[in-house]
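Working through the structure, step by step
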Amino acid sequence: MTVEEQGEACAHGDEDRLLQVLRNLLDNALRYTPPGTPISVTVRAPDGADVQLDVTDQGPGMAPDTARRIFERFYRGDASRTPGTGGTGLGLSIVKSIAEAHGGTVSVRTAPGEGSTFTVTLPACAPHASPPTREGSPSPAQPTPDRACGAPAHCQRPEG
């Protein structure tokens, strides 16, 4: 697995729920690709207004009919899977719900035999210099959320 951060990226959100998004996407990539198949995670803020998280695998990919339905609750692309062997069909619908609750989206680019790339796009906040450390306050490496959205003090929405 490779992880790449293309520049600095900051998004407002509930850290636990956003980690759940990443876990669900990685779980799917690991579950539906053969062992040893490359998986990559990329984070970037291409336009400064949004942050994009891509989870890409080189697995079998999906047919267009499957890809169109993959974010539906309880949908499993392979009818031969059962809850005991292939999950409940909720993981990607949860990803979609969390992304939308954060003002974002999720999409998939895939084709049979060409792998899949799942992209979560969230509104960006502008990273600023870390706040000064005062005695007894959290270090910049572990900022404390001070906004209703859970963003640390040094993470602000871009103007305009």
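Structure shown above.
Residues numbered from 1 in each chain as written. Predicted model: local features only at pLDDT ≥ 70, side-chain atom pairs only at ≥ 80, totals over all residues. Heavy atoms only, no water.

**Some thoughts on the sheet that holds strand β4 (residues 105–110)**
- Taken together, five strands build an open sheet; the order of strands is β1-β2-β3-β5-β4 and the sheet is mixed. Of all the strands in the sheet, just β1 (2–6) and β4 have a single pairing partner and so form its edges. With direction set aside, neighbouring strand axes in the sheet form an average angle of 15°.
- Bridge count between strand β3 (residues 50–57) and strand β5 (residues 116–123): eight bridges; the pairing is antiparallel. If you follow V55 over to β5, its bridge partner there is F118.
- Here helix α1 (residues 15–31) sits on the sheet in contact with β2 (39–44), β3 and β5, set at roughly 20° to β3. (Pairing = 2+ DSSP bridges. Helix = DSSP H or I, 4+ residues; strand = E, 2+ residues; numbered from the N terminus. Axes fitted to C-alpha atoms, helices over the stretch in contact; angles between N-to-C directions. Contact = heavy atoms within 4.5 Å.)

**Some thoughts on the environment of D50**
- You can see D50 is positioned in strand β3.
- The exposure class of D50 is partly exposed, given its relative accessible area of 26%. (Buried < 20%, exposed > 50% of the residue type's maximum accessible area, 1.4 Å probe, protein only.)

**Focus: the packing of aromatic side chains**
- Under the defined criterion, the tally for this structure stands at one aromatic pair.
- Geometrically, the ring pair formed by F71 and F118 is edge-to-face, given 6.1 Å between the ring centres and 85° between the ring planes. Of the two residues, F71 sits in the loop between α2 (64–69) and α3 (83–86) while F118 sits in strand β5, which places them 47 residues apart along the sequence.
- The class of F71 is buried, set by a relative accessible area of 14%. (Phe/Tyr/Trp six-rings, centres within 6.5 Å; stacked < 30°, edge-to-face > 60°.)

**What to know about the nonpolar core**
- Within the largest apolar cluster, 22 residues are counted, with the highest numbers of intra-cluster contacts made by L25, I70, F118 and V120.
- Listing elements by their share of this core, those giving two or more residues are α1, β2, β3, α4 (91–101), β4 and β5.
- Ignoring sequence-local partners within four residues, the contact set of L25 consists of L53, V55, L92, V95, F118 and V120. (Core = buried A, V, L, I, M, F, W, Y, C linked by side-chain atoms within 4.5 Å.)

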